[in-house]
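Summary of structural features
For reference, the chains in residue letters:
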Amino acid sequence: MAEVVIVRDQEEAGRLAAAAIARRLAVTENPVLGVATGSTPESTYRALAAAGQRLTGVTAFALDEYVGLPAGHPESYRAVLERELVAPLGMDPDMLRTPDASPEGLHDTGERYEAAIREAGGVDVQILGIGTDGHIGFNEPGSSLASRTRIKTLTQQTREDNARFFDSVDDVPIHCVTQGLGTIRDARHLVLLAFGEGKAEAVAAAVEGPVSSGVPGSLIQLHPSVTVLVDEAAGSRLAHADYYRLAYANKPSWQAL
Ligand code: F6R
C-alpha cells in the first residue's frame, strides 16, 4: 500500500516531497522528474528552491497541457512550469517537456510524448495532485486504467475548479492532452499530494476505496512505490488515519520516504 503521511500543512508536505525528490535525483543518472501543475505542487517547488536544489541535468515531463490556448498563454502548463520550476530551479528550458497541444501537432501528440518519455529512460519520480472528482493528470472518471497519453475532455467540475486561474469558467479550455493512467503507472515512484477539505473525498476513495476507473486516483493502489502527503483536512475522511500516523511515527530510519 501507499505510505500515507498526514502533515500539518502544505509547507511541511512540500518539504517532505522535496526531500524525497532530492534523494532520488541524487542517486539517479540522467534523472527524469514527472511534474504536475495547479496549486498542489507549488509548495514542493518552493521547498526545492529553498533547499538550494538545482535541476541542472534533470529532464522534466509535464503530466498534461491544455488544448486551445495560444502559445505562450500565461496559464498554459508550459508557461506555468517555466515560471514555477524552470526559472527558480535553474533548469534548462529545453529539458522541460510538455505535450504538444498545437493544432498541427495534435494528431500524433500522444505517441510522440510516450516515445519521448521512453527515450529519456522513463520517469523516476512523478509528482501528482488529485482533482476533486478523483482525476490524476487530466484522466477524468471513466478513464481506462491502461490509458496512454491522449486528448481528453475535461469535466465541467474540473473546469469550474480551474476557473480561478482564468477570467471565467468559459475561458478554461474544454480539451487537454494528458499522460494516461498507464503512463503514470510506469513511473518508478509516485508522490501524490492533496490539501484542503475539498480533496478529502477524492483522497479517501483513491487511497482506500475500490480500484476503479470511476476514481482514476485509485490507480495508486496498483503501484508498488507511492507516497501520499495530505494535510489534516484532505486526510479527514481516511478510515485508517490512526494507522498511517502510527506507521509514520514508528518509521525506521532505513526506510526512506
Ligand atoms: C495538473 C494535474 C491535475 C491537478 C489537479 C489538482 O497538472 O495534472 O491532476 O493536479 O487538478 O489541481 P490543484 O492542485 O490546482 O488543486
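Before reading further, recall that the structure is shown in the block above.
Note that this is a predicted model, so its numbers are computed, not measured.

A word on the site of the ligand
By nearness alone, 15 residues border the ligand, and T37, T40, D64, H135 and G137 come closest of all. Note that an oxygen atom of the ligand is positioned 2.4 Å from one of the side-chain N or O atoms of T40. Here the ligand has 410 Å² of accessible area as a free molecule, and 94% of this is covered by the chains. Among the detected pockets, the ligand sits in the largest pocket. Grouping the amino acids of the shell around the ligand by side-chain chemistry returns 4 nonpolar, 8 polar and 3 charged.

Focus on the sheet that holds strand β7 (residues 150-153)
Within the open sheet, the 3 strands sit side by side as β4-β8-β7. Their pairing is antiparallel. Bordering the open sheet on either side are β4 (64-67) and β7, each of which pairs with just one other strand. When the angles between neighbouring strand axes are averaged without regard to direction, this sheet yields 30°. The pairing of β4 with strand β8 (residues 175-178) spans 4 bridges and is antiparallel. Bridge pairing links D64 to T178 in β8.

Topic: the sheet that holds strand β3 (residues 59-62)
Pairing in this open sheet of 7 strands is parallel, and the strands run β1-β10-β9-β6-β2-β3-β5 from one edge to the other. With partners counted over all chains shown, the strands left at the sheet margins are β1 (3-7) and β5 (96-97), one partner each. Alignment of β1 against strand β10 (residues 226-231), held across 5 bridges, turns out to be parallel. When the sheet's bridge partners are listed, V7 is paired in β10 with D231.

Examining the pattern of salt bridges
Taken as a whole, this structure holds 14 salt bridges when the rule is applied. E197 is the partner of R237 in a salt bridge, and the nearest nitrogen-oxygen pair spans 3.6 Å. Highlighted residues: R237 in the loop between β10 and α8 (241-249) and E197 in the loop between β9 (189-194) and α7 (200-208), separated in sequence by 40 residues. For R237, a relative accessible area of 45% translates into the label partly exposed. The class of E197 is partly exposed, set by a relative accessible area of 46%.

A look at the pairing of β3
Of the two faces of β3, the one holding T59 and F61 and the one holding A60 and A62 are both buried throughout. When strand β2 (residues 32-35) meets β3, the two strands line up parallel, connected through 4 bridges. Bridge pairing links V32 to T59 in β3. What joins β2 to β3 is helix α2 (residues 42-50), and the crossover it makes is right-handed. With 2 bridges connecting them, β3 and β5 associate as parallel partners. Bridged to A60 within β5 is L96.

Looking at the packing of helix α1 (residues 10-26) against α2
Relative placement of two packed helices is described by the angle separating their axes and the distance separating the axes. The interhelical angle for the contact between α1 and α2, taken along N-to-C directions, is 60°, at an axis separation of 7 Å. The angle between the axes of α1 and α2 places the two elements in the oblique class. As α1 runs across α2, the sense of the crossing is right-handed. Counted together, Q10, E11, G14, R15, A17, A18 and I21 of α1 and S43, T44, R46, A47 and L48 of α2 form the full contact between these two elements. Taken together, the residues of the contact of α1 with α2 break down into 5 nonpolar, 4 polar and 3 charged.

Let's talk about a nonpolar patch on the surface
On the surface, a cluster of nonpolar side chains totalling about 390 Å² of accessible area is made up of M1, Y243 and L246. As for its placement among the helices and strands, M1 is situated in the segment before β1.

Observations concerning the environment of L106
Along the chain, L106 falls in the loop between β5 and α4 (109-119). Counting along the chain gives 77 residues from L106 to E29, while the straight-line C-alpha distance between them is 32 Å.

Some details on unusual backbone geometry
The backbone phi angle of N30 is positive, close to 45°, even though this residue is not glycine. Checked against the element boundaries, N30 lands in the loop between α1 and β2. Using a relative accessible area of 57% as the deciding quantity, one classes N30 as exposed.

Thoughts on α1
Taking 1.5 Å per residue, 17 residues should reach 24 Å; α1 reaches 24 Å between its end C-alpha atoms and fits that length. Within the sequence span of α1, burial applies to E12, A13, G14, L16, A17, A18, A20, I21 and L25.

How each quantity is defined
Residues numbered from 1 in each chain as written. Predicted model: local features only at pLDDT ≥ 70, side-chain atom pairs only at ≥ 80, totals over all residues. Heavy atoms only, no water. Near = heavy atom within 4 Å. Polar contact = N/O pair within 3.5 Å; in protein donor to acceptor, adjacent residues only side chain to side chain. Areas by Shrake-Rupley, 256 points an atom, 1.4 Å probe, with all protein chains shown as cover. 1 Å grid on protein atoms, 1.4 Å probe; cavity = no way out; pocket = protein on both sides within 12 Å on 5 of 7 lines; lining within 4 Å. Sits in = over half its atoms within 2 Å of the grid points. Nonpolar A, V, L, I, M, F, W, Y, C, P; charged D, E, K, R; others polar. Pairing = 2+ DSSP bridges. Helix = DSSP H or I, 4+ residues; strand = E, 2+ residues; numbered from the N terminus. Axes fitted to C-alpha atoms, helices over the stretch in contact; angles between N-to-C directions. Salt bridge = Lys/Arg side-chain N within 4 Å of Asp/Glu carboxyl O. Buried < 20%, exposed > 50% of the residue type's maximum accessible area, 1.4 Å probe, protein only. Right-handed = clockwise from strand over helix to strand, strands pointing away. Parallel < 35°, antiparallel > 145°, perpendicular 65-115°, else oblique. Left-handed = near helix turned anticlockwise from the far one by under 90°. Contact = heavy atoms within 4.5 Å. Patch = residues over 30% accessible without salt bridge, like charges linked within 9 Å, V, L, I, M, F, W, Y side chains within 5 Å. Expected span 1.5 Å × (residues − 1).

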